[in-house]
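# Structural features, examined
Each chain, letter by letter, is given below.
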Amino acid sequence: MSYRYRTLAHSIKEGIGVPSAAFLIWDRIREERSPVFIPMPSHTGKPSTWMLELCWYLARLSGGTVIDALRGNRRMSLYLAKKQGKRVTVTMRQILSVPANAFIVDNVIATGLTMRTAQTAMAVPTRPLALTVASRHL
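A brief report on the enclosed structure follows.

Procedures and definitions
Residues numbered from 1 in each chain as written. Predicted model: local features only at pLDDT ≥ 70, side-chain atom pairs only at ≥ 80, totals over all residues. Heavy atoms only, no water. Helix = DSSP H or I, 4+ residues; strand = E, 2+ residues; numbered from the N terminus. Buried < 20%, exposed > 50% of the residue type's maximum accessible area, 1.4 Å probe, protein only. Contact = heavy atoms within 4.5 Å. Areas by Shrake-Rupley, 256 points an atom, 1.4 Å probe, with all protein chains shown as cover. Salt bridge = Lys/Arg side-chain N within 4 Å of Asp/Glu carboxyl O. Axes fitted to C-alpha atoms, helices over the stretch in contact; angles between N-to-C directions. Parallel < 35°, antiparallel > 145°, perpendicular 65-115°, else oblique. Left-handed = near helix turned anticlockwise from the far one by under 90°. Nonpolar A, V, L, I, M, F, W, Y, C, P; charged D, E, K, R; others polar. Pairing = 2+ DSSP bridges.

## Comments concerning the overall build of the protein
- A tally of regular secondary structure across the protein gives five helices and six strands.
- What you see in the protein, going N to C, is helices and strands ordered as α-α-β-α-β-β-α-β-β-α-β.
- Relative to its full complement of 138 residues, the protein shows a buried share of 44%.
- In the protein, of all internal contacts separated by at least 6 residues, the share reaching a separation of at least 24 is 70%.
- As displayed, the protein offers around 8000 Å² of accessible surface, 53% of which is attributable to carbon and sulfur atoms.

Shown next as structure tokens:
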């Protein structure tokens, strides 16, 4: 992952990088008609404030909608688990209906574990949408 994207991905969590990230992400999906954005749940089991803000910003840019359709288990963050050499179980469930081919939004896809878990939890096919992919494990 380039330094530029790494810095921006971190700044999203601080609340200052959301508009820049949204424009970069939106640029890749400009041709989509009425896209639906599903925010990725964090380690708390719900999407963070900044993730919801990113999805709403994307919806405003694209004329799309946001559906907060996923919930996960409360767990240690994957970043901390990796640093501490611990294994973490990630589970998710769909709580609201969504149309097929909606986007699951995340700021970074590192190993692909949370994205695969989220997509598996959905009753219809979804597409990943992230600012950057930090790994080739997808």
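## A short note on the pattern of salt bridges
- Taken as a whole and judged by the stated rule, the model has three salt bridges.
- Across the salt bridge formed by aspartate 68 and arginine 71, the nearest N and O atoms sit 2.8 Å from each other.

## Things to note about the packing of helix 2 (residues 18–28) against helix 3 (residues 49–62)
- Packing of helix 2 against helix 3 leaves a shortest axis separation of 9 Å and a crossing angle of 50°. By the angle between their axes, helix 2 is oblique relative to helix 3. Two packed elements cross with a definite hand, and for helix 2 against helix 3 that hand is right-handed. Contacts between helix 2 and helix 3 involve Val18, Pro19, Ala21, Ala22, Phe23, Ile25 and Trp26 from the first element and Trp50, Glu53, Leu54, Tyr57, Leu58, Leu61 and Ser62 from the second.
- Its residues assigned to classes, the contact of helix 2 with helix 3 shows 12 nonpolar, one polar and one charged.

## A few points about the side chain of threonine 114
- Residue position: threonine 114 is located in helix 5 (residues 113–121).
- Each residue touching threonine 114, except ones within four places of it in the same chain, is listed here: Met40, Arg75, Leu78, Val90, Met92 and Asp106.

## Topic: the environment of methionine 40
- For methionine 40, the position within the fold is in the loop between strand 1 (36–39) and helix 3.
- Measuring from C-alpha to C-alpha, the distance between methionine 40 and valine 105 comes to 5.7 Å, with 65 residues separating the pair along the chain.
- If near-sequence neighbours (up to four positions away) are discounted, methionine 40 is found in contact with Pro47, Met51, Met92, Ile104, Val105, Asp106, Thr114, Met115 and Ala118.

## Quick look at the pairing of strand 1
- Residues of strand 1 alternate between two faces, with Val36 and Ile38 on one and Phe37 and Pro39 on the opposite face, all of them buried.
- Sheet topology places strand 1 next to strand 2 (residues 65–66); two bridges connect them, and they run parallel. Residue pairing in the sheet places valine 36 in a bridge with threonine 65 of strand 2.

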